[in-house]
Amino acid sequence: MAQLSDLVNLNLTDFTPKIIAEYIWIGGSGMDIRSKARTLAGPVDDPKKLPKWNYDGSSTGQAPGEDSEVILYPQAIFKDPFRRGNNILVMCDAYTPAGEPIPTNKRCAAAKIFSNPEVEKEVPWYGIEQEYTLLQKDVNWPLGWPQGGFPGPQGPYYCGIGADKAFGRDIVDAHYKACLYAGINISGINGEVMPGQWEFQVGPAVGISAGDELWVARYILERITEIAGVVVSFDPKPIPGEWNGAGAHCNYSTKSMREEGGYEVIKKAIEKMGLRHKEHIVAYGDGNERRLTGRHETADINTFIWGVANRGASIRVGRDTEKEGKGYFEDRRPASNMDPYVVTSMIAETTILWNKS
C-alpha cells in the first residue's frame, strides 16, 4: 500500500506528458501570497504561452461579491521545487475582466517604469537582502526563544552556529536549495542579529525580474515553513525593545554607476534620493517607523543621511565602491514587508527619470 509521502513524491514524467502549473499572485493585504494549481497539456517555458486564469477576488479582499472575478496574467515561470519534474511555478499579476490592473497590482506600474527607454539603457541591477523571523506556530514567539521569556542579549547570533545560537537552519537551507532549483538568483543566506531571524539575498537581478524573483522566493519560504509547522514573519519589528528589526536592504546600480566615473553618478543619485526621502519612506513598508528609530543599525525615519561603510545611515556606500570610483549603493530604509515591485521601480524612477528642478 502506498504511503502519503509516496503519492506526494510521484514523478509524473514517466506516466503522462501533462504538467501542473501553480499560479501565484499577491492578495488584498499586499503581503498575503495566494496560489492555485491547474493541469496543462505539456511543458511550457514561455509565460506568453500560458493561459490566463481567474479567481474569486471577493475572497481575497480584491473585488466585491457582486463582481468578484479577477483575471491572472502569467508573467514569469520558475521550476517547481515541490512537485519537481516539468511542473512549474507561475508568477502572475491581477487585472479586471476589462484588462485594467487592480489597485493591489503593483507590478504593472513597475513594468512601465522598467520599459522606459531611459531606464532600459541604464540596465538597473538589484540585490535585495530579505530579512525574516521564524515564529513558533502556536505561541507567535520567535523560534528558539523560551516560551514567555527571552534569550541572552544580541551578539552571538549573527552568522552564529550551534544549537544555542542558530534556530531553524534546516528551514533556511531547504529554502536556499529550493530557490536555486527554481531558477531564482539567490546569492546567499545568513543568520541575523536577533535570534530566530534570518536573511536571504536575491540578485543581481535586472529590472522587473528582481520583484518577480523575490516574490517567488517568499512564496517558496512560506511553503517550506508550512511543511515545517513554523510561521514566517515579515514584520519589520516583530519584538519590541532592544532587538533588531527586519529590513529588506536594496543594493542598486546602473550601467553609468558601474563604469569609470560612476562614483560621481552615485553621489548625484543619492542626492536625488534624499530630496524624495519622504515619498520613499511612505512606499517602503508598513510599520517601518517601529524599525527606523536611529538605533539597531538604522537611521531615524525622519532623517536622511548617507555615508561610506555606515550601517546607521539611510544609504550606505561600500568601501570598495569609494576606492574603485564606481559600483553601487545600498538603500537600507526598506522594511522586510516592502513590495519589491514598488521599491525597485521607485529607486529607478528617482535616480534615472526624476528631475529635481
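Here's what I pulled together on the structure shown here. Here, residues in each chain are numbered from 1, in the same order as that chain's written sequence. Only residues with pLDDT of 70 or above have their local features reported here, since the model is predicted, and side-chain atom pairs are shown and tallied only from 80 upward, although totals for entire chains, interfaces and linings are computed over all residues. Calculated side-chain values reflect all of the structure's heavy atoms, with hydrogen atoms and water omitted.

## Here's the deal with the overall build of the chain
- Only DSSP runs of H or I with at least four residues qualify as helices, and only runs of E with at least two residues qualify as strands; both kinds are numbered from the N terminus onward. A tally of helices and strands in the chain yields 10 helices and 14 strands.
- Using C-alpha atoms as the atom set, the radius of gyration is obtained and then compared with a globule rule of 2.2 Å times the number of residues to the power 0.38. By the compact-globule yardstick of 21 Å for 357 residues, the chain fits well, its C-alpha radius of gyration being 21 Å.
- With respect to the three principal axes, the spread of C-alpha positions in the chain is 60 × 50 × 40 Å.
- For each residue, the accessible area found with a 1.4 Å probe, counting protein chains only, is set against the maximum for its type, and the residue is called buried under 20%, exposed over 50%, and partly exposed in between. Across the 357 residues in the chain, those meeting the buried criterion constitute 51%.
- The contacts in the chain between residues at least 6 apart in sequence include a share of 65% that link residues at least 24 apart.
- Method for areas: the Shrake-Rupley scheme with a 1.4 Å probe, in which residue coverage is limited to the protein chains shown. Carbon and sulfur atoms form 52% of the exposed surface of the chain, whose accessible area is close to 16500 Å².
- The centroid of the 39 positive side-chain charges in the chain is displaced by 3 Å from the centroid of its 46 negative side-chain charges. Between two residues, a contact is recorded if the distance between any of their heavy atoms is within 4.5 Å. Asp and Glu count as negative and Lys and Arg as positive, but His and the ends of the chain are not part of the count. In plain terms, the charge of a residue is placed at NZ if it is Lys, CZ if Arg, CG if Asp and CD if Glu.

## Remarks on the side chain of histidine 175
- When you line up the elements, histidine 175 lands in helix 4 (residues 169-182).
- With near-sequence residues (within four places) excluded, histidine 175 lies in contact with Ile186, Phe200, Ala217, Ile220, Leu221 and Ile224.

## Observations concerning the environment of serine 59
- Mapped onto the elements, serine 59 comes out in the loop between strand 3 (53-56) and strand 4 (69-79).
- For the pair serine 59 and glycine 27, spaced 32 residues apart in sequence, the C-alpha to C-alpha distance is 9.3 Å.
- Under this definition, polar contacts are N or O atom pairs within 3.5 Å; protein pairs additionally need one hydrogen-donor-capable and one acceptor-capable atom, and for neighbouring residues in sequence, both atoms have to be side-chain atoms. Within the structure, the side chain of serine 59 is placed 2.6 Å from the side chain of aspartate 56, a separation counted as a polar contact.

## Description of the packing of helix 2 (residues 107-114) against helix 10 (residues 340-353)
- In the contact formed by helix 2 and helix 10, the axes pass within 9 Å of each other and the chain directions differ by 30°. The orientation of helix 2 relative to helix 10 falls into the category roughly parallel. Both helix 2 and helix 10 take part in a crossing whose hand is left-handed. Of helix 10, the residues touching helix 2 (which contributes Arg107, Ala110, Ile113 and Phe114) are Tyr341, Thr344, Ser345, Ala348, Glu349 and Leu353.
- The residue classification treats Ala, Val, Leu, Ile, Met, Phe, Trp, Tyr, Cys and Pro as nonpolar and Asp, Glu, Lys and Arg as charged. All others, Gly included, are polar. Of the residues that constitute the contact of helix 2 with helix 10, the class distribution is 6 nonpolar, 2 polar and 2 charged. To get an axis, fit a line to the C-alpha atoms, keeping to the stretch in contact for a helix; angles then go from 0 to 180 degrees between the N-to-C directions. Geometric relationships in this document are graded by angle, where less than 35 degrees denotes roughly parallel, more than 145 denotes roughly antiparallel, 65 to 115 denotes roughly perpendicular, and other angles denote oblique. Left-handed describes a crossing whose near helix is turned anticlockwise from the far helix by less than a right angle; the clockwise case is right-handed.

## Some details on the nonpolar core
- Each nonpolar core is a collection of buried residues, namely Ala, Val, Leu, Ile, Met, Phe, Trp, Tyr and Cys, held together in the definition by side-chain atoms within 4.5 Å. With 61 residues, the main nonpolar core has Met91, Tyr132, Ile184, Ile220 and Phe329 as its most contacted residues.
- With 9 residues, helix 5 (residues 209-228) is the largest single contributor of residues to this core.
- Residue contacts for isoleucine 220: discarding those within four places in its chain leaves Pro81, Phe82, Leu89, His175, Ala178, Cys179, Ala182 and Ile184.
- Core analysis: the next-biggest nonpolar cluster, separate from the first, contains 17 residues, Ile19, Ala21, Ala63 and Val90 among them.

## Things to note about the packing of aromatic side chains
- For Phe, Tyr and Trp, where Trp contributes only its six-membered ring, two rings pair if their centres lie within 6.5 Å, and the inter-plane angle classes them as stacked under 30 degrees, edge-to-face over 60, or tilted in between. Here the structure, examined in full by the defined rule, presents 12 aromatic pairs.
- A centroid spacing of 5.2 Å and a plane angle of 80° characterise the contact between tyrosine 23 and tryptophan 53, whose relative ring orientation is edge-to-face. Of the two residues, tyrosine 23 is situated in strand 1 (residues 19-26) and tryptophan 53 in strand 3; the sequence distance between them amounts to 30 residues. The residues tyrosine 23 and tryptophan 53 share a single accessibility class, namely buried.
- Note on phenylalanine 114 and tyrosine 126: the rings are 5.9 Å apart at their centroids and 85° apart in plane angle, and the pair reads as edge-to-face. Here phenylalanine 114, found in helix 2, pairs with tyrosine 126, found in strand 6 (residues 125-136); they are 12 residues apart in sequence, far enough to count as distant.
- The buried category is assigned to phenylalanine 114, whose relative accessible area is 9%.
- The rings of Phe114, Tyr126, Tyr252 and Phe329 are connected pair by pair, giving a single aromatic cluster.
- Only lysine NZ and arginine CZ atoms are considered, and such an atom sits over a ring when it is within 6 Å of the ring centre and within 35 degrees of the ring normal. The residue whose ring lies beneath arginine 218 is phenylalanine 234, and the NZ or CZ to ring-centre distance is 5.3 Å.

## Re the side chain of aspartate 32
- Position of aspartate 32 relative to the elements: it lies in the loop between strand 1 and strand 2 (33-40).
- Within polar-contact distance, the side chain of aspartate 32 engages the backbone nitrogen of glycine 28 at 3.4 Å.
- Polar side-chain contacts of aspartate 32 include one of 2.8 Å to the side chain of arginine 34.
- Excluding residues that lie within four positions of it along the chain, aspartate 32 makes contacts with Trp25, Ile26 and Gly27.

## Looking at the pairing of strand 3
- Judged by which residues are buried, strand 3 turns out to be one-sided: Trp53 and Tyr55 face inward and are buried, whereas Asn54 and Asp56, on the alternate face, are not.
- We call two strands paired when DSSP finds no fewer than two bridges between them. In the sheet, strand 3 pairs with strand 4 via 4 bridges, with the strands oriented antiparallel. Bridge pairing in strand 4 places asparagine 54 opposite isoleucine 71.

## Quick notes on helix 4
- Counted at 1.5 Å a residue, the expected span for helix 4 with its 14 residues is 20 Å, and the 20 Å between its end C-alpha atoms agrees.
- Inspection of helix 4 places Ile171, Val172, His175, Ala178, Cys179 and Ala182 among the buried residues, and these make up the whole buried set. Taken end-on, helix 4 shows its buried residues confined to a sector of 130°, consistent with a single buried face. Away from the buried face of helix 4 by more than 90 degrees, exposed residues Asp170 and Lys177 are located.
- On the buried face of helix 4, the contacting elements are strand 4, strand 6, strand 8 (186-191), strand 9 (197-206), helix 5 and strand 10 (230-233).
- Trailing helix 4 by a residue or two, glycine 183 shows a phi angle of about 100°, which is positive. The span you would expect from a helix comes to 1.5 Å times its residue count less one. What the arc describes is the spread of directions from the helix axis to the C-beta atoms.

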